[in-house]
Amino acid sequence: MKKQNAIKWVHTKWLIGTEILLVIVVGCYYVSQSAADVLFMDFWRNAVTLISAVMTKNFTPNLLWNGAFGQRNFLQMSLVAFDIQFLSLNCIWEVYAGIFVMGATAILVYLEWDKFVKSTPNNPIGIKTQFLFFAVLLAIFNLNQWEILSLQFSFAFMLRIFSFLLVFKLLSRLLIEAKWKINSFLGLGIFSGILICTLSQLYFPALLLSIIICFIFALFKVPGEIIKKIKAYMAFFIPCIVAMVIYFYNLPISSAGKGGFWAAVKGGQFFLGVLYMIAASVVPQSTLQNWNTWYISLLGAILAFVVIGAVILYFRFKLYQKSFFPMLVAAYGLLNVPIIEYARLESSNLMYLTSSRYVCETTLIWVGCTMIYGYSCLHISKSFWKRFSIVAILIISFLILNANYTELGIAPARGTYKTNLIQLLKEEKMENLSDEQLALFQAPPELVREGIVLLKRYQLNVYST
């Protein structure tokens, strides 16, 4: 019987398995072309913080709790310490590990998608649901995230996203079941609190805000006594509040960008920034740099209209009775837009908001939207909405495919850039390296100089034997 069930499962799920395997292979190929085993960006700061302590056996766990500019990442620091201790700070494995975590995220989302589309009677179980999931899969494996995917941060970033989506999946199930068990909400709250402390890196405000919005909506639209719901909500948020206090305790907070943010709001640049970030979620920065403000804003407006359409669909056809997951995921991606703007926007530097590093968050907008539009294609009979959904999926998929094609073409150049940095470190004496050359590592030159001294002293990374 078990063998027959296994054979049946393979026969019914072969397409989705092939799709996920395909994008993992493409992802691994991409990072093989674009990544190299050299320290880059904030990795220099983490390495400088930990190298001496680890190598001289003076390491203490509180070093992993070090943070800067309002950000902590206990997991990332732990990985750096592991790499120093056991791998001579050779950390290219984290780049590939990030791709496989994305594969796990795809499986997680598919399980929710499968349940979502099968929640309607007389549903079209079969190949069509797996085929439509490819649009969702493209949003997950959006290569416009290249800046993170090709660096050692990939594993920690992708594990965070997987964990946040797991919280959304578990929370959706609790809300759909509407049993309001305090222990269940408390358990999920504790899990979320652990994530906040260990790997959130200041992305948790969007996580909690999207959950708050969902809770407020469920307060009135999901069956159950209001008092029971409030108690369940409190059980969830108490561990999260405790975790936030722990997270921010004695943490240096940067005030950079705040003045620029409010000036941008008054001057209308904030609203342009929203359109820029939405456009940049599916169009590479290298392309947008050749566009003027009007073209970028127009594309952002079209995509904003696609998002609004998904929101209307979700609430008009009461899809929240099937799953809260698409709503939570899309809300998380959208809420990150003003949060990132608050932290980074300067009134005169809108193009900075199109950086690839932020696409890890904003591409989740399209994960949620394509799930909603995919459901519409399968189950909503009204011709206007069905046609609108097909067009929306085609627009999103085309833009992401085009971004992937563009990034695959650029990948060798990105790899060559990092390979040249390795040669620079190996062939040039440090005293001969100018600040301009060290700036190529996208970290403060003085920090890179300090890091090079430590790498040479302990024969780590490019100097390992």
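Because the structure is predicted, anything quoted here is derived from the model rather than measured.

The subject of this paragraph is the overall build of the protein chain. Along its length, the protein chain carries 19 helices and zero strands. Taking 465 residues into account, the globule formula puts the C-alpha radius of gyration at 23 Å, and the protein chain, at 23 Å, falls close to it. With the principal axes as the frame, the protein chain shows a C-alpha extent of 70 × 65 × 45 Å. Buried positions account for 54% of the 465 residues belonging to the protein chain. A gap of 17 Å separates the mean positions of the 36 positive and 21 negative side-chain charges of the protein chain.

Following the criterion strictly, the structure yields eight salt bridges and no others. When the shortest N-O distance is used, the salt bridge between Glu-147 and Arg-357 registers 2.8 Å. One end of the pair, Glu-147, is in helix α6 (residues 146–149); the other, Arg-357, is in the loop between α15 (325–344) and α16 (359–379), with 210 residues separating them in the sequence. Of the charged contacts, one joins Arg-414 and Glu-407 as a salt bridge, the two residues approaching to 3.0 Å between their closest N and O atoms. Comparing Arg-414 with Glu-407 shows no difference in burial state: the two are buried.

As a rule of thumb, nonpolar side chains are buried together in soluble globular proteins. Ranked by size, the top nonpolar core spans 168 residues in total, and within it Leu-89, Phe-185, Ile-211, Phe-324 and Trp-366 carry the most contacts. What Leu-89 contacts, discounting residues up to four positions off in sequence, is Asp-37, Leu-39, Phe-43, Ala-47, Ile-51, Val-80, Asp-83, Ile-84, Leu-455, Leu-460 and Asn-461.

Another aspect to go through is a nonpolar patch on the surface. On the surface, a cluster of nonpolar side chains totalling about 620 Å² of accessible area is made up of Ile-226, Ile-227, Ile-230, Met-234, Ile-238, Val-242 and Ile-246. Position of Ile-226 relative to the elements: it lies in helix α10 (residues 226–248).

Turning to helix α3 (residues 74–87), a few remarks are in order. The end-to-end C-alpha distance of α3, which contains 14 residues, comes to 19 Å, matching closely the 20 Å that a straight helix rising 1.5 Å per residue would cover. The inward-facing, buried residues of α3 contact α2 (43–55), α4 (93–117), α7 (154–177) and α8 (182–198). The positive-phi residue at the C-terminal boundary of α3 is Ser-88, with phi of around 55 degrees.

Take Glu-94: it is sitting in helix α4. Buried Glu-94, no salt bridge; nearest opposite-charge side chain is Arg-160, N-O distance 13 Å. Setting aside its immediate chain neighbours within four residues, Glu-94 contacts Phe-43, Gln-76, Leu-79, Asp-83, Gln-152, Ser-154 and Phe-155.

So, on to the environment of Phe-220. Considering the arrangement of structural elements, one finds Phe-220 in helix α9 (residues 204–221). Given the relative accessible area of 62%, Phe-220 is considered exposed. Taking the C-alpha atoms as reference points, Phe-220 and Pro-61, 159 residues apart in sequence, are found 45 Å from one another.

Enumeration according to the criterion identifies 37 aromatic pairs in this entry. One aromatic cluster is present, formed by Trp-180, Phe-185, Phe-215, Tyr-233, Phe-236 and Phe-237 through successive ring pairs. In this structure, Arg-160 packs its charged tip against the face of Phe-157, placed 4.9 Å from the ring centre. Positioned above the aromatic ring of Phe-40 is the side chain of Lys-418, whose terminal nitrogen or guanidinium carbon lies 5.7 Å from the ring centre.

Bringing the environment of Gly-374 into the picture now. As for its position among the elements, Gly-374 is in helix α16. If we skip the residues at most four places from it in the chain, Gly-374 touches Trp-113, Leu-132 and Ile-393.

Definitions and cut-offs
Residues numbered from 1 in each chain as written. Predicted model: local features only at pLDDT ≥ 70, side-chain atom pairs only at ≥ 80, totals over all residues. Heavy atoms only, no water. Helix = DSSP H or I, 4+ residues; strand = E, 2+ residues; numbered from the N terminus. Rg over C-alpha atoms; globule rule 2.2 N^0.38 Å. Buried < 20%, exposed > 50% of the residue type's maximum accessible area, 1.4 Å probe, protein only. Lys, Arg positive; Asp, Glu negative; His and termini not counted. Charge placed at Lys NZ, Arg CZ, Asp CG, Glu CD. Salt bridge = Lys/Arg side-chain N within 4 Å of Asp/Glu carboxyl O. Core = buried A, V, L, I, M, F, W, Y, C linked by side-chain atoms within 4.5 Å. Contact = heavy atoms within 4.5 Å. Patch = residues over 30% accessible without salt bridge, like charges linked within 9 Å, V, L, I, M, F, W, Y side chains within 5 Å. Areas by Shrake-Rupley, 256 points an atom, 1.4 Å probe, with all protein chains shown as cover. Expected span 1.5 Å × (residues − 1). Phe/Tyr/Trp six-rings, centres within 6.5 Å; stacked < 30°, edge-to-face > 60°. Lys NZ or Arg CZ within 6 Å of the ring centre and 35° of its normal.

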